[in-house]
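Below are the chains, spelled out letter by letter.
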Amino acid sequence: MEWTLGYVAIALLVIGLIGQAFEMRKIRQTAYKDEQLGSPTIFTNKKNFKWYGILGIGIILWYFAERM
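Note that the structure is a prediction, hence the values are computed from the model and not measured.

Caption draft 1: The overall build of the protein, seen in detail. Each helix and strand in the protein was counted, giving two helices and zero strands. Across the 68 residues that make up the protein, the buried fraction comes to 22%. Intrachain contacts of the protein at a sequence separation of at least 6 include 76% that bridge at least 24 residues. Total accessible area computed for the protein in this model is approximately 5,200 Å², and 68% of it derives from carbon and sulfur atoms.

Caption draft 2: Representation of the packing of helix H1 (residues 3-31) against helix H2 (residues 49-67). Between H1 and H2, whose axes approach to 8 Å, the crossing angle comes to 160 degrees. Between H1 and H2, the crossing angle belongs to the class labelled roughly antiparallel. With respect to the hand of their crossing, H1 and H2 are arranged in left-handed fashion. Grouping the amino acids of the contact of H1 with H2 by side-chain chemistry returns 17 nonpolar, five polar and two charged.

Caption draft 3: Spotlight on the packing of aromatic side chains. Under the defined criterion, the tally for this structure stands at three aromatic pairs. Measuring from ring centre to ring centre gives 6.1 Å for tryptophan 3 and tyrosine 7, while their planes differ by 35 degrees; the resulting arrangement is tilted. With a gap of four residues between them, tryptophan 3 and tyrosine 7 both fall in helix H1, about one helical turn apart. Note on tyrosine 63 and phenylalanine 64: the rings are 5.8 Å apart at their centroids and 65 degrees apart in plane angle, and the pair reads as edge-to-face. On the basis of relative accessible area, tyrosine 63 is assigned to the partly exposed category, the value being 46%. Since its relative accessible area comes to 44%, phenylalanine 64 is described here as partly exposed.

Caption draft 4: Broad picture of the UniProt feature "transmembrane region" (unreviewed entry) in the protein. Annotation from UniProt places "transmembrane region" (unreviewed entry) at residues 6-23 and 49-65. Counting secondary structure, residues 6-23 comes out at 100% helix and 0% strand; the distance between its end C-alpha atoms is 25 Å.

Caption draft 5: Quick peek at H1. For H1, spanning 29 residues, the distance from its first C-alpha to its last is 41 Å, which sits close to the expected 42 Å at 1.5 Å a residue. All buried positions along H1 are accounted for by Gly6, Ala9, Gly16, Gly19, Gln20, Glu23, Met24 and Ile27. Lining the buried residues of H1 we find H2.

Criteria and thresholds
Residues numbered from 1 in each chain as written. Predicted model: local features only at pLDDT ≥ 70, side-chain atom pairs only at ≥ 80, totals over all residues. Heavy atoms only, no water. Helix = DSSP H or I, 4+ residues; strand = E, 2+ residues; numbered from the N terminus. Buried < 20%, exposed > 50% of the residue type's maximum accessible area, 1.4 Å probe, protein only. Contact = heavy atoms within 4.5 Å. Areas by Shrake-Rupley, 256 points an atom, 1.4 Å probe, with all protein chains shown as cover. Axes fitted to C-alpha atoms, helices over the stretch in contact; angles between N-to-C directions. Parallel < 35°, antiparallel > 145°, perpendicular 65-115°, else oblique. Left-handed = near helix turned anticlockwise from the far one by under 90°. Nonpolar A, V, L, I, M, F, W, Y, C, P; charged D, E, K, R; others polar. Phe/Tyr/Trp six-rings, centres within 6.5 Å; stacked < 30°, edge-to-face > 60°. UniProt positions renumbered as here; feature names shortened; annotations may be inferred. Expected span 1.5 Å × (residues − 1).

Next comes the structure, spelled out in C-alpha cells:
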C-alpha cells in the first residue's frame, strides 16, 4: 500500500464528509422552516456537487493506494 496516497485519500474523505454535512445543514435551514422535514431532493442541490467531487477523488485515491 502506498501510504502517502492513503493519507491524502483519508483527508479528502474526511473533509468531504464534514463539508457536505455543514453544507446540507445550511441548505436545510435556508430552504425549510424548523417544523418541516427536509426534502429528499436536498441531495441534488448544486451546492453539494463540489463535496461529491471531493469524496469521489478521495475514493479513487484510496483505491489506487490499495492497489499499488
